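Each chain is listed here by its residues.
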Amino acid sequence: MADQTDIEHVVRREWGRLLSSLIAYLRDFELAEDSLQDALESAMKHWQKNGMPRSPYAWLLQTALRKAIDRIRRDINFKTKQDDYAYLLELEATEGQEDLEKAAIPDERLRLIFTCCHPALEEKTRIALTLRTLGGLTTREIARAFLDKEDAMAQRLVRAKRKIQKAGIPYKIPDHEELPDRLESVLNVLYLIFNEGYAASSGSKQIRIDLCNEAIRLTQTISRLKPDEPEIKGLLALMLLNHSRRAARSSEAGVFISLEMQDRLQWDKAQIQEGVGLIEEALRGGGLGKYQIQAAISAVHAEATTFAETGWSEIALLYEQLYEFQPTAVVTLNYAVALSYAGAVAKALSLLETVKADLEQYQPFYAAQADILRRCGETEQARIAYRQALELSGNSSEQDFLSQMLSEL
């Protein structure tokens, strides 16, 4: 017998691989997603009663293919889909669960990313769609990543899938000549997938290692595809350097631990070494970009023996440089935090006021503001900011940390 939490974990882990494989078999984006959803409903019933199969992935894939056959058979346009129907029947007859598992193509998820990042789709839609289909993020999580309303994001995703079908967008990795134009959106997608794993917007865990690992794996795949691109190396370095701190970022009870209080002996030295090597290699290659700068910032943190020895002035200068590539309120927020630790507290608080209107629904803004106010002795204002951060937090580990900081005041 399997409980619902275990099933949901398996589904989250396998979602992108399952959906990309189904699209490859079915050649229909919406049919693949609908059939997979049907298979998940069956899994909930059967697995809770009989326990999980040896290979949940193969079970779900085979069940989804059967559900696709049922959907095609019931379709009012069945006559026009006879070839698809015959193909699936043949596939079902010749492929068992183990055969389907062995037949899985590692790069199918990469094809799915480039399909979702096709130029026919608006950039924001490309990113949101890939987060949903490849990363398995919920609509709510994607909306939070974009600071959007959930209903608006749901409508955006539905329109995108219909456009892929109607426009006949190909399910393939683009040719070498097309690759540069498509790469920036793909990197943005992978960055957001990693961020959702690194600081989960909802749930009980601060870190979703499955999403972090998936983003790292896919970035490594793209790096092999285009090994001379500095920004790919920069993004991979950024992920590895940030992920190296995963073991120190929460207590045994699951409560978030701030960078200042982390036990640096728990940091993954091998990942730090690999990340630093990658960013040094990328910076030597020329063509500076936003991911390389962010990786350089993470490298400064990673190479500091203690929090007190962190090169905050250097980090502040790097954020100034990053603002030239990304003139956003979030970059300004991070710049202000760096300035506050470099000794420029008054300037930091002044900068926060300039972006407050843009970040009024952004939890990290209030958490950062509270921390700066706490450190400069503005206790009552810090309490107000911590309460605002608590109201906006959807992650219980994060909430426990903020409550603890509030109580200590």
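Located above this text is the structure these notes cover.
The residue numbering used here restarts from 1 in each chain and proceeds along that chain's sequence as written. For this predicted model, a pLDDT threshold of at least 70 governs which residues receive local features, and a threshold of 80 or more governs which side-chain atom pairs are given and counted, while totals over whole chains, interfaces and linings are taken from all residues. With hydrogens and water excluded, all non-hydrogen atoms of the structure serve as input to the side-chain values.

Draft legend 1. Quick look at the overall build of the protein. Counting its regular elements, the protein contains 20 helices and zero strands. Relative to its full complement of 409 residues, the protein shows a buried share of 51%. Between two residues, a contact is recorded if the distance between any of their heavy atoms is within 4.5 Å. By sequence separation, contacts in the protein at least 24 residues apart represent 65% of the contacts at least 6 residues apart. Labels follow the DSSP assignment, with helices taken as runs of H or I lasting at least four residues and strands as runs of E lasting at least two, numbered in each case from the N terminus. Here the term buried applies to any residue with accessible area under 20% of the maximum for its type, exposed to any over 50%, and partly exposed to those in between, with areas from a 1.4 Å probe on protein chains only.

Draft legend 2. Up close: the environment of Cys117. Relative to the helices and strands, Cys117 resides in the loop between helix 6 (108-116) and helix 7 (123-133). Residues Cys117 and Val186, spaced 69 residues apart in sequence, show a C-alpha to C-alpha distance of 6.4 Å. Aside from chain neighbours lying at most four places away, what touches Cys117 is Arg126, Thr130, Arg182, Ser185, Val186 and Val189.

Draft legend 3. Just a negative patch on the surface, in detail. Patch membership needs two things, relative accessible area over 30% and no salt bridge, and members are linked within 9 Å if like-charged or within 5 Å if nonpolar (Val, Leu, Ile, Met, Phe, Trp, Tyr). Methods summary: accessible areas were calculated by the Shrake-Rupley approach with a probe of 1.4 Å, and residue burial reflects only the protein chains presented. Take a side-chain nitrogen of Lys or Arg and a carboxyl oxygen of Asp or Glu: if they are within 4 Å of each other, that pair is a salt bridge. Here the positive residues are Lys and Arg and the negative ones are Asp and Glu; neither His nor the chain ends is included. Each charge is placed at NZ for Lys, CZ for Arg, CG for Asp and CD for Glu. Taken together, the side chains of Asp175, Glu177, Glu178 and Asp181 make up a negatively charged region of the molecular surface. Secondary-structure assignment places Glu178 in the loop between helix 9 (150-167) and helix 10 (179-198). A relative accessible area of 35% places Glu178 in the partly exposed class.

Draft legend 4. Structural context of the pattern of salt bridges. In this structure the tally under the stated criterion is twelve salt bridges. Linking Glu122 and Arg156 is a salt bridge whose minimum nitrogen-to-oxygen distance equals 2.6 Å. Of this pair, Glu122 sits in the loop between helix 6 and helix 7 while Arg156 sits in helix 9, and the two are 34 residues apart along the sequence. We classify Glu122 as partly exposed; its relative accessible area is 46%. The partner of Glu281 in a salt bridge is Lys233, with the nearest N and O atoms 2.7 Å apart. With a gap of 48 residues between them, Glu281 in helix 13 (residues 269-284) and Lys233 in helix 12 (residues 230-243) connect regions that are remote in the sequence. The class of Glu281 is partly exposed, set by a relative accessible area of 35%.

Draft legend 5. Main features of the state of the cysteines. Cysteine sulfur atoms are paired as a disulfide whenever they fall within 2.5 Å. Scanning all chains against the criterion turns up zero disulfides. There is no disulfide at Cys116, and the cysteine sulfur nearest it, in Cys117, is 6.5 Å away.

Draft legend 6. Molecular detail of helix 14 (residues 290-303). By definition here, a helix of n residues has an expected span of 1.5 Å times n minus one. An ideal rise of 1.5 Å per residue puts 20 Å on 14 residues; helix 14 measures up with 20 Å between its terminal C-alpha atoms. Where burial is concerned, most of helix 14 is hidden: 13 out of the 14 residues are buried.

Draft legend 7. Fine view of helix 9. Taking 1.5 Å of rise per residue, 18 residues should cover 26 Å, and helix 9 covers 26 Å from first to last C-alpha, within 8% of that figure. Looking only at helix 9, the buried set comprises Met153, Arg156, Leu157, Ala160, Lys161 and Ile164. Summarising the axial view, the buried residues of helix 9 lie within an arc of 130°, below the 170-degree limit, and thus occupy one face. The exposed residues of helix 9 that point more than 90 degrees off its buried face are Asp151, Arg159, Arg162 and Lys166. On its buried face, helix 9 is in contact with helix 2 (29-50), helix 6, helix 7 and helix 8 (139-145). One or two residues past the end of helix 9 sits Gly168, with phi positive at roughly 65°. It is the directions from the helix axis to the C-beta atoms that the arc portrays.

Draft legend 8. Representation of the packing of aromatic side chains in the model. Only the six-membered ring of Trp is used, alongside the rings of Phe and Tyr, when aromatic pairs are assigned; centres must lie within 6.5 Å, and planes under 30 degrees apart are stacked while those over 60 apart are edge-to-face, with the rest tilted. Following the criterion strictly, the structure yields eight aromatic pairs and no others. With a centroid separation of 5.1 Å and an interplanar angle of 85°, the aromatic rings of Phe365 and Tyr366 are classed as edge-to-face. Given a relative accessible area of 0%, Phe365 falls into the buried group. An aromatic cluster of three or more residues is present, and its members are Phe307, Trp312 and Tyr341. Each ring is checked for a lysine NZ or an arginine CZ that lies within 6 Å of its centre and within 35 degrees of its normal; such an atom marks a charge sitting over the ring. Its end group placed over the ring of Trp267, Arg245 keeps NZ or CZ at 5.7 Å from the ring centre. Between Arg249 and the ring centre of Tyr198, over which it is positioned, the NZ or CZ distance is 3.8 Å.

Draft legend 9. Representation of the nonpolar core in the model. Ranked by size, the top nonpolar core spans 76 residues in total, and within it Leu22, Leu60, Leu129, Leu190 and Leu235 carry the most contacts. With eleven residues, helix 10 is the single largest residue contributor to this core. Excluding its chain neighbours within four sequence positions, the residues that come into contact with Leu129 are Phe29, Cys116, Leu121, Leu157, Ala160, Lys161 and Ile164. The set of buried Ala, Val, Leu, Ile, Met, Phe, Trp, Tyr and Cys residues whose side-chain atoms join them within 4.5 Å is what this entry labels a nonpolar core.

Draft legend 10. Spatial organisation of the side chain of Asp38. Within the secondary structure layout, Asp38 lies in helix 2. Judged by relative accessible area, Asp38 falls into the buried class, the value being 16%. The contacts of Asp38, once residues within four sequence positions are left out, are Lys67 and Arg71.

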